[in-house]
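# Overview (structure and organization)
Chain by chain, the residues run as shown.
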Amino acid sequence: MKKVYLLLILLFGNAGDLQASGFGVFTQGAAGLGQGNAVVAHSPGPSSLYFNPALLTEVSGTRVEAGTTLVYADRDFTSDLTGNRESGDDALQFPGTFYATHQFDDRWSAGLGLFLPFGLATEWDESWEGRYIATRSDLFTVNINPVIACRLSDRVSIAAGLDILYLDAELERQINSTGLGIILNPPGGFGPLTDAGQQFSGDGWGVGYNIGLLVRVSDRVNFGATFRSHIDVDVDGDLNFSIPPDAAVLASALTDTKGHADVRLPRQATFGLAWEASGQLTLEVGGRWEDWSSTDELRVNLDQPVLGQSSDVIPRDWNDTWAFNIGADYQLNDVVALRAGYLYSDNPVPAATFDPSVPDADAQLLTLGAGFSLDHWTLDLAYGFEYHRGRNKNNSVGAATGSAANGKYSTDLHLVAASLAYQF
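Below or above, wherever it landed, is the structure these notes cover. Fair warning: this is a prediction, and the values are worked out from it, not measured in the lab.

A word on the overall build of the protein chain. Regarding its fold elements, the protein chain presents four helices and 22 strands. Its C-alpha radius of gyration of 23 Å places the protein chain within 12% of the 22 Å reference for a compact globule of 424 residues. Structurally, the protein chain occupies a C-alpha span of about 80 × 40 × 35 Å along its principal axes. Considering the protein chain as a whole, with its 424 residues, one finds that 53% of them fall into the buried category. Taking all contacts inside the protein chain whose residues are at least 6 apart in sequence as the whole, residues at least 24 apart take part in 71%. Carbon and sulfur atoms make up 59% of the accessible area of the protein chain, which amounts to about 17,600 Å² in all. Side chains of the protein chain give 25 positive and 51 negative charges; the mean places of these two sets differ by 4 Å.

Next up on the list: empty space enclosed by the protein. This structure, assessed with the given rule, holds two cavities of 30 Å³ or more. Each pocket or cavity is described by its volume, and for the largest cavity that value is around 230 Å³. When residues of the lining of the largest cavity are traced back to their parent elements, those giving at least two are α3 (48–51), β10 (221–228), β13 (268–276), β14 (281–290) and β17 (321–331). Of the residues in the lining of the largest cavity, the class split is nine nonpolar, eight polar and three charged. Approximately 80 Å³ is the volume found for the second largest cavity.

On to the environment of Gly 32. Residue placement: Gly 32 occurs in helix α2 (residues 30–33). Put simply, Gly 32 and Gly 369 are 337 residues apart on the chain and 8.9 Å apart in space, counted from C-alpha to C-alpha. Not counting residues within four places of it along the chain, the set of residues in contact with Gly 32 comprises Asn 37, Ala 38, Val 39, Pro 44 and Phe 51.

As enumerated under the stated definition, the model contains 16 salt bridges in all. When the shortest N-O distance is used, the salt bridge between Arg 85 and Asp 76 registers 2.8 Å. Since its relative accessible area comes to 7%, Asp 76 is described here as buried. The residue Arg 131 makes a salt bridge to Asp 195 at a minimum N-O spacing of 2.8 Å. With Arg 131 in the loop between β6 (119–123) and β7 (136–151) and Asp 195 in the loop between α4 (177–184) and β9 (196–216), this residue pair connects regions lying 64 residues apart in the sequence. Note on Asp 195: relative accessible area 19%, which makes it buried. Shared partners join several salt bridges into a network, and the residues in it are Arg 136, Asp 138, Glu 170 and Glu 172.

The next point concerns the pairing of strand β15 (residues 297–306). Bridge count between strand β12 (residues 257–265) and β15: three bridges; the pairing is antiparallel. Bridge pairing in β15 places Ala 261 opposite Val 300. Bridge analysis of β15 against strand β16 (residues 309–315) gives six bridges, and the strand direction is antiparallel. What sits directly across from Glu 297, in β16, is Pro 315. Taking the residues that link successive antiparallel strands as the turn, the β15-β16 hairpin has two residues, and the phi of Leu 307 there is positive, at about 55°.

Scanning the entire structure with this criterion turns up 15 aromatic pairs. Geometrically, the ring pair formed by Phe 77 and Trp 128 is edge-to-face, given 5.3 Å between the ring centres and 85° between the ring planes. Of the two residues, Phe 77 sits in strand β1 (residues 62–79) while Trp 128 sits in the loop between β6 and β7, which places them 51 residues apart along the sequence. A single burial state applies to Phe 77 and to Trp 128, both of which are buried. Centroid distance Tyr 422 to Phe 424: 4.9 Å. Interplanar angle 80°. Geometry classified as edge-to-face. Judged by its relative accessible area of 23%, Tyr 422 falls in the partly exposed class. The exposure class assigned to Phe 424 is exposed, which follows from its relative accessible area of 61%.

This part is about unusual backbone geometry. If you check the backbone angles, Asn 37 has positive phi at about 65° while not being a glycine. Looking at where Asn 37 falls in the secondary structure, it is placed in the loop between α2 and α3. Here the phi dihedral of Ala 405 falls at roughly 50°; this positive angle occurs in a residue that is not glycine.

Another aspect to go through is the side chain of Glu 65. Within the secondary structure, Glu 65 is located in strand β1. This buried residue, Glu 65, is left without a salt bridge; Arg 63 holds the nearest opposite charge, at 7.5 Å. Discounting chain neighbours no more than four positions away, the residues touching Glu 65 are Gly 29, Pro 46, Ser 47, Thr 97, Phe 98, Tyr 99, Ser 419, Leu 420 and Ala 421.

A few words now on the nonpolar core. Core analysis: the biggest nonpolar cluster contains 37 residues, and Leu 165, Leu 167, Val 233, Val 235, Leu 254, Leu 265 and Tyr 409 have the highest contact counts within it. At the level of elements, β8 (156–175), β9, β11 (231–242), β12 and β15 are the ones that each hand at least two residues to this core. With residues up to four places along the chain from it excluded, the contact list for Leu 167 reads Leu 139, Phe 140, Thr 141, Gly 202, Asp 203, Gly 204, Val 233, Val 235, Val 263 and Leu 265.

Estimates place the volume of the second largest pocket at around 760 Å³. What lines the second largest pocket is a set of 40 residues, and nearest its centre among them are His 42, Ser 43, Pro 44, Gly 45 and Asp 329. Put simply, the parts of the chain that give the lining of the second largest pocket at least two residues each are β1, β10, β13, β17, β18 (336–345), β19 (363–374), β20 (377–388) and β22 (407–423). Its residues assigned to classes, the lining of the second largest pocket shows 15 nonpolar, 14 polar and 11 charged.

Conventions we followed
Residues numbered from 1 in each chain as written. Predicted model: local features only at pLDDT ≥ 70, side-chain atom pairs only at ≥ 80, totals over all residues. Heavy atoms only, no water. Helix = DSSP H or I, 4+ residues; strand = E, 2+ residues; numbered from the N terminus. Rg over C-alpha atoms; globule rule 2.2 N^0.38 Å. Buried < 20%, exposed > 50% of the residue type's maximum accessible area, 1.4 Å probe, protein only. Contact = heavy atoms within 4.5 Å. Areas by Shrake-Rupley, 256 points an atom, 1.4 Å probe, with all protein chains shown as cover. Lys, Arg positive; Asp, Glu negative; His and termini not counted. Charge placed at Lys NZ, Arg CZ, Asp CG, Glu CD. 1 Å grid on protein atoms, 1.4 Å probe; cavity = no way out; pocket = protein on both sides within 12 Å on 5 of 7 lines; lining within 4 Å. Points joined across faces, edges and corners; volume = space filled by probe spheres on them. Nonpolar A, V, L, I, M, F, W, Y, C, P; charged D, E, K, R; others polar. Salt bridge = Lys/Arg side-chain N within 4 Å of Asp/Glu carboxyl O. Pairing = 2+ DSSP bridges. Phe/Tyr/Trp six-rings, centres within 6.5 Å; stacked < 30°, edge-to-face > 60°. Core = buried A, V, L, I, M, F, W, Y, C linked by side-chain atoms within 4.5 Å.

This is the structure we're talking about:
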């Protein structure tokens, strides 16, 4: 299975990063990003397969598109305990996409998409204040999405497809060796010990479905809507501990074991209303709902108990979220298209379970983009800046481990996307 993971990494890049809400990734094509992803009711090209597969009836001929988005996260933490400011270990991520579409005739179209619908990459220094909660959280997914679309009439198109998803996750944190040593041997106790390390890594597959609808309300107005189902993934993996030499007394308590987790990825519904204001300008407004309330906890069931516990549970109790966006596409001439967009999204993480592994917050995304078409080729470029509202952690998550890491968390994202398409 790890060979499959390495192959997918080579093809599609790393896990991506937080974008919009939870650990959903919505950078699925440069043409869409340039319009704030307001492309559910008018087609950005082959990437319509992700945004609304019913739009494939509007994508002529046979086309392929490949692209990537460079995601840079600037993440900071200011401690309530010390007042010190710490930065996350920033890294450049590059989730990728691939789409192939074919229009059989005026009625039927089909396509195949490969993209990363969910991803997470947060990393903190192993000596930071919240190291007993999280030092590294890495979630990688690839969705294999075959779809078929049908034009029912001049006004209505529908589509349906399968979501065949592979998930790989790694969760790391430090363990307070001194505190644990005292618990294991109360009479004598121990002096300061070097922290031990804990890592859970696992992977698995799941299957869901998606549907799309396009209604041509008038010659200039379209309505689009999509729905993606839950995907339940059975994750099998290993819980491993790295114990430093001066804490060897912990070896009998911290034994490596295998683990299993049931991960439910949320349902998503999107809608959009597009207006062709002129022969050159198209405007769209829309929204997205996500079923993050299905994420009540992350439970890793262990084959062998560790410290008397047969499972490791991370509480979530997340909430459903809404996002709203607006985008514009202006066809300057036969070669150049100019784009702009805005998206606002609330976040699913409540104050009671907010923690540094997913330091999410309400977000605003501003985007600019351009498309260049020449002969059979189309190059789309986009830039987005996503501002996350500062978030204060003031809860007991992590307190039992020796550090709650309460304080202010802030994150900004820079997104640079490029997609290249060819029409046969």
